Amino acid sequence: MFPMMPAILRNFFSKRATRRYPPMTREPFAEVRGELKNEGSVCTLCGVCAVKCPSQCIVVDKKNATWQWDPFACVYCGVCVDSCKTGSLRQEPLYRKAATGREIVSVKIVLKEQTK
Ligand code: SF4
Ligand code: SF4
């Protein structure tokens, strides 16, 4: 115990290292990979993002025209953003909000009519 006393006293009188989240939030770091957003108007439901996602947290349902993302399974790596050729995906500089339950983000996609 005695060898630890200096560290104990130093921590006892120093500023708290943690925050009272969620009331106290930290400003995101520059270029943080944050919340995933799907700009539905340019999404083609190709499914590439779902195939490339290492966490398998994207589900593309062509039949029901929905794109779904599970922010609680996401590791915020950005692979889906890099693999989306239409530029539909982006990561905003926002940390995931506190939640009381698991929420799935669902985006309804309206595909543009194919021109012949
Ligand atoms: S977000 Fe991009 S990669 Fe994913 S289904 Fe839509 S167009 Fe394809
Ligand atoms: S950021 Fe990474 S883990 Fe999250 S949905 Fe995209 S590919 Fe999957």
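Scroll up a little and you will see the structure.
Scoring rules and cut-offs
- Residues numbered from 1 in each chain as written.
- Chains lettered and ligands numbered in written order.
- Predicted model: local features only at pLDDT ≥ 70, side-chain atom pairs only at ≥ 80, totals over all residues.
- Heavy atoms only, no water.
- Helix = DSSP H or I, 4+ residues; strand = E, 2+ residues; numbered from the N terminus.
- Rg over C-alpha atoms; globule rule 2.2 N^0.38 Å.
- Buried < 20%, exposed > 50% of the residue type's maximum accessible area, 1.4 Å probe, protein only.
- Contact = heavy atoms within 4.5 Å.
- Areas by Shrake-Rupley, 256 points an atom, 1.4 Å probe, with all protein chains shown as cover.
- Lys, Arg positive; Asp, Glu negative; His and termini not counted.
- Charge placed at Lys NZ, Arg CZ, Asp CG, Glu CD.
- Near = heavy atom within 4 Å.
- Nonpolar A, V, L, I, M, F, W, Y, C, P; charged D, E, K, R; others polar.
- Core = buried A, V, L, I, M, F, W, Y, C linked by side-chain atoms within 4.5 Å.

Along the protein, the regular secondary structure elements total three helices and five strands. Taken from N to C terminus, the helices and strands of the protein fall in the order α-β-α-β-β-α-β-β. Its C-alpha atoms give the protein a radius of gyration of 21 Å, clearly above 13 Å, the size a compact globule of 116 residues would have. Along the first, second and third principal axes, the C-alpha set of the protein runs to 80 × 25 × 25 Å. Every one of the 116 residues in the protein was classed for burial, and the buried ones make up 26%. Sequence-distant contacts, at least 24 apart, represent 70% of the contacts inside the protein between residues at least 6 apart. With an accessible surface of roughly 9,300 Å², the protein has 57% of that area assigned to carbon and sulfur atoms. A gap of 6 Å separates the mean positions of the 19 positive and 10 negative side-chain charges of the protein.

What follows covers the environment of Arg-19. Following the sequence through the fold, Arg-19 ends up in the loop between α1 (5–13) and β1 (36–38). Not counting chain neighbours up to four residues away, the residues in contact with Arg-19 comprise Met-24, Thr-25 and Arg-26.

The local shell around ligand 1 consists of Asn-38, Cys-43, Thr-44, Leu-45, Cys-46, Gly-47, Cys-49, Trp-67, Cys-84, Thr-86, Ser-88 and Leu-89. Partitioned by chemical class, the residues of the shell around ligand 1 number seven nonpolar, five polar and no charged.

A few words now on the nonpolar core. Of all hydrophobic cores here, the largest spans 17 residues; its most connected members are Leu-36, Ile-58, Trp-67, Trp-69 and Leu-89. Non-local contacts of Leu-36, meaning those with residues more than four positions away in its chain, are made with Ile-58, Trp-67, Trp-69, Cys-80, Val-81, Leu-89, Arg-90 and Gln-91.

What follows concerns the site of ligand 2. Taken together, 14 residues lie around ligand 2, and Cys-53, Cys-74, Cys-77, Gly-78 and Cys-80 are the ones closest in. Its residues placed into classes, the shell around ligand 2 shows 12 nonpolar, two polar and no charged.

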